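Structural description and commentary
Residue strings, one per chain:
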Amino acid sequence: MSRVLFVTGTDTGVGKTVVTAALAAAAAGAVAVVKPAQTGVTADEAGDLQDVERLTGLTDLHEGIRLLDPLAPTTAGRRQGVPLPSVDTHAKALDDLAAERDLVIVEGAGGLLVGLDEDGHDLADLAARLSTPCSFVVVTRSGLGTLNHTGLTVEALRVRGLPITGLVIGSWPVEPDLAERCNAEDLPATTGVPLVGRVPAGAGQLDRESFRAAAPTWFTVPNLAQ
């Protein structure tokens with residue numbers, strides 16, 4: 001059965017794009033990657049999907065809307081005077097893609113509750129509107145503060161009845177400090193959600209061949225994206 005896997009984060013800049021690319025590289029079958037809203041880039045600049053293509057070679061990539069200001073999509077759209085697609089429009093597009101792929105990976109903008117359309121609907125609202133079975137991967141930081149931020153994101157998903165596949169640390173250092181080592185143990189204990197992956201710091205700078213070869217080893221659950 002086709003599935004949609006949402007990649008959300010506890011905050012902006014936690015490594016969602018590299019995790020998205022790693023999941024795509026590790027997955028089997030026909031995979032598409034979707035970015036419903038890309039902000040902070042011009043029409044000619046490389047966005048997150050171009051990073052996914054650079055790292056994986058995947059070309060089945062779909063960007064919903066592109067906005068200039070590096071802000072939440074609702075804010076950027078309002079400032080630019082650009083009408084945003086509704087979450088219902090995004091949901092139909094995802095269901096249509098999933099009908100012809102083994103997996104659709106969706107990278108959110110910022111955190112879970114960042115607005116995607118003019119009515120303020122967010123990634124959680126989008127997931128709730130799908131007909132296709134879906135789940136979430138929560139990308140989190142390794143250092144201090146991550147227990148609280150991750151717990152809040154997990155709680156928001158649970159309150160809405162949205163399934164969670166697991167947590168992934170978006171940038172795991174070569175030499176983790178005491179807090180980071182403890183957080184790796186405490187994240188699943190405090191949230192009740194398994195830690196299913198750690199992406200090494202600097203992974204986004206690897207060449208395509210090295211990235212594709214290494215990506216499956218960063219996840220502790222076989223076929224995480226299946």
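The rules behind these values
Residues numbered from 1 in each chain as written. Predicted model: local features only at pLDDT ≥ 70, side-chain atom pairs only at ≥ 80, totals over all residues. Heavy atoms only, no water. UniProt positions renumbered as here; feature names shortened; annotations may be inferred. Helix = DSSP H or I, 4+ residues; strand = E, 2+ residues; numbered from the N terminus. Buried < 20%, exposed > 50% of the residue type's maximum accessible area, 1.4 Å probe, protein only. Contact = heavy atoms within 4.5 Å. Pairing = 2+ DSSP bridges. Axes fitted to C-alpha atoms, helices over the stretch in contact; angles between N-to-C directions. Salt bridge = Lys/Arg side-chain N within 4 Å of Asp/Glu carboxyl O.

An unreviewed UniProt entry lists the protein chain under the name ATP-dependent dethiobiotin synthetase BioD, with Kribbella flavida as the source organism. Taken from UniProt, the Cofactor (unreviewed entry) comment for the protein chain reads in full: "Mg(2+)". As stated in UniProt under Sequence similarities (unreviewed entry), the record for the protein chain gives "Belongs to the dethiobiotin synthetase family."

1. Thoughts on the environment of Val14
Among the secondary structure elements, Val14 is positioned in the loop between β1 (3-9) and α1 (16-26). Overall, the relative accessible area of 4% leaves Val14 in the buried class. Separated by 102 residues in the primary sequence, Val14 and Leu116 have C-alpha atoms spaced 19 Å apart. Discounting residues that sit within four places of it in the chain, Val14 has contacts with Gly9, Val139, Thr140, Arg141, Gly170 and Ser171.

2. Overview of the sheet that holds strand β2 (residues 31-39)
If you walk across this open sheet you meet the 7 strands as β3-β2-β4-β1-β5-β6-β7, and the pairing is parallel. The sheet is open, and its two edges are formed by β3 (61-67) and β7 (195-200), each paired on a single side. On average, each strand axis in the sheet is inclined to that of its neighbour by 20 degrees, with strand direction left out of account. Bridge analysis of β1 against strand β4 (residues 103-111) gives 6 bridges, and the strand direction is parallel. Each bridged residue has a counterpart across the sheet, and for Phe6 the counterpart in β4 is Val106. In the packing of helix α7 (residues 178-191) onto the sheet, contacts are made with β5 (134-140), β6 (164-172) and β7, and the angle to β6 comes to roughly 165 degrees.

3. Focus on the pattern of salt bridges
Counted under the stated rule, the structure contains 10 salt bridges. Between Asp51 and Arg54 there is a salt bridge, with its nearest N and O atoms 3.5 Å apart. One end of the pair is Asp51 and the other is Arg54, both in helix α2 (residues 48-56) and 3 residues apart, which spans about a single turn. Using a relative accessible area of 27% as the deciding quantity, one classes Asp51 as partly exposed. Accessibility expressed as a relative area gives 38% for Arg54, which makes it partly exposed. For Glu63, the salt bridge identified is with Arg66, shortest N-O distance 2.9 Å.

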